[in-house]
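Spelled out, the chains give:
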Amino acid sequence: MPLSSGKPGRDCPSCPRLVEFRLRWRERERGWHNAPVASFGPPDAGLLIVGLAPGLQGANRTGRPFTGDYAGDLLYGTIKEFGFGRGDYAARPDDGFTLVDARITNAVRCVPPENKPTGGEIANCRPFLAATIKEMPRLRAILALGRIAHDSVVCALGGRPSAFPFGHGRRNALSAFALFDSYHCSRYNTNTRRLTPEMFKAVFAEIRAYLGEPASQSTTSAALRSGGNSE
Ligand code: URA
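Because the structure is predicted, anything quoted here is derived from the model rather than measured.

Chemist: Help me understand the site of the ligand, please; the structure alone is not making it clear to me.
Modeler: Surveying the vicinity of the ligand reveals the residues Gly51, Leu52, Ala53, Pro54, Gly55, Ala59, Pro65, Phe66, Asp69, Asn106 and His184. Leu52 places a main-chain nitrogen or oxygen 2.8 Å from an oxygen atom of the ligand. Between the ligand and Phe66, the relevant distance is 2.9 Å, taken from an oxygen atom to a main-chain nitrogen or oxygen of the residue. For the ligand, whose free accessible area comes to 240 Å², the fraction covered by protein is 94%. Its residues placed into classes, the shell around the ligand shows six nonpolar, four polar and one charged.

Now the structure itself:
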């Protein structure tokens, strides 16, 4: 796979610790994905959502970002509420849920032990993040879920994180893009109420206002705001 691609190969050798972990889980759970998790959603989307890394029993099992783990329930529900998704999210890659003008990726594509990638692993994976951003011709907004995703996006775009600090609800203008930040929608953050569903929705409302209503969806958000079912 050329390095200019946004998609690491199934046996990407870049991070020895992650390769070893991947091989261990391939042995243990033969039916799981156990490989780098590709971005989900159309490359011509206006919004890119950047998570941290696949969860062991979520994206690493199912092969689709945030699918099958706790964080996915809040993320996909909110995506749909703001008109960036269609269908019913059912925590399976074959649930038929589609993203509308949005794409989801991770700063690190392979599952790390304990959900904690090292600085070196984040840096090794950054060319894939940079290539993912580059291959999106209509990209206008990026949503970083957590500081690690934020810093990796800033570096991928050639900026210095100290010049563009992370902050929940903050928006930075970076290169040609608006970079929105949220605390990560992890189980820990939601259980401790560091991130509430209302706080998360407020960030999506900002993004929706920034991007405007998609022409074909102009009734969706209005119906949702009035509590109606748009489908
Ligand atoms: N699942 C993902 O794909 N990414 C995260 O950051 C968390 C869970």
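Chemist: Sorry, what's going on with helix α1 (residues 16-28) here?
Modeler: Each α-helix turn comprises 3.6 residues. Residues three or four places apart therefore point the same way. For α1, with 13 residues, the first-to-last C-alpha span of 18 Å sits near the 18 Å given by 1.5 Å per residue. Listed as buried for α1 are Leu18, Val19, Phe21, Arg22, Trp25 and Arg26. Each buried residue of α1 sits inside an arc of 165° when the element is viewed along its axis, so together they form one side. Every exposed residue of α1 that faces more than 90 degrees away from the buried side is listed here: Pro16, Glu27 and Arg28.

Chemist: What should I look at first to understand helix α3 (residues 70-81) in this one?
Modeler: With twelve residues, α3 extends 18 Å between its outermost C-alpha atoms, agreeing within 8% with the 16 Å of an ideal straight helix rising 1.5 Å per residue. The positive-phi residue at the C-terminal boundary of α3 is Gly83, with phi of around 80°.

Chemist: Any chance you could explain the packing of aromatic side chains here in plain terms?
Modeler: Any two aromatic rings considered together are summarised by their centre-to-centre distance and by the angle between their planes. Within the structure shown, the criterion is met by eleven aromatic pairs. Arranged with centres 5.3 Å apart and planes meeting at 0°, the rings of Trp25 and Trp32 form a pair that is stacked. Its relative accessible area of 17% is what places Trp32 among the buried residues. Between the aromatic rings of Phe166 and Tyr183, the centroid separation amounts to 6.2 Å while the plane-to-plane angle is 50°, which identifies the pairing as tilted. With a gap of 17 residues between them, Phe166 in the loop between α5 (147-156) and β6 (171-174) and Tyr183 in the loop between β7 (177-182) and α6 (187-191) connect regions that are remote in the sequence. Using a relative accessible area of 21% as the deciding quantity, one classes Tyr183 as partly exposed.

Chemist: Sorry, what's going on with the environment of Gly55 here?
Modeler: As for its position among the elements, Gly55 is in the loop between β1 (47-51) and α2 (59-62). When the C-alpha atoms of Gly55 and Asn191 are compared, they prove to be 17 Å apart, with 136 residues separating the residues in sequence. Not counting residues up to four positions away in its chain, the partners in contact with Gly55 are Asn60, Arg61, Asp69, Val111 and Asn115.

Basis of the calculations
- Residues numbered from 1 in each chain as written.
- Predicted model: local features only at pLDDT ≥ 70, side-chain atom pairs only at ≥ 80, totals over all residues.
- Heavy atoms only, no water.
- Near = heavy atom within 4 Å.
- Polar contact = N/O pair within 3.5 Å; in protein donor to acceptor, adjacent residues only side chain to side chain.
- Areas by Shrake-Rupley, 256 points an atom, 1.4 Å probe, with all protein chains shown as cover.
- Nonpolar A, V, L, I, M, F, W, Y, C, P; charged D, E, K, R; others polar.
- Helix = DSSP H or I, 4+ residues; strand = E, 2+ residues; numbered from the N terminus.
- Expected span 1.5 Å × (residues − 1).
- Buried < 20%, exposed > 50% of the residue type's maximum accessible area, 1.4 Å probe, protein only.
- Arc of directions from axis to C-beta.
- Phe/Tyr/Trp six-rings, centres within 6.5 Å; stacked < 30°, edge-to-face > 60°.
- Contact = heavy atoms within 4.5 Å.

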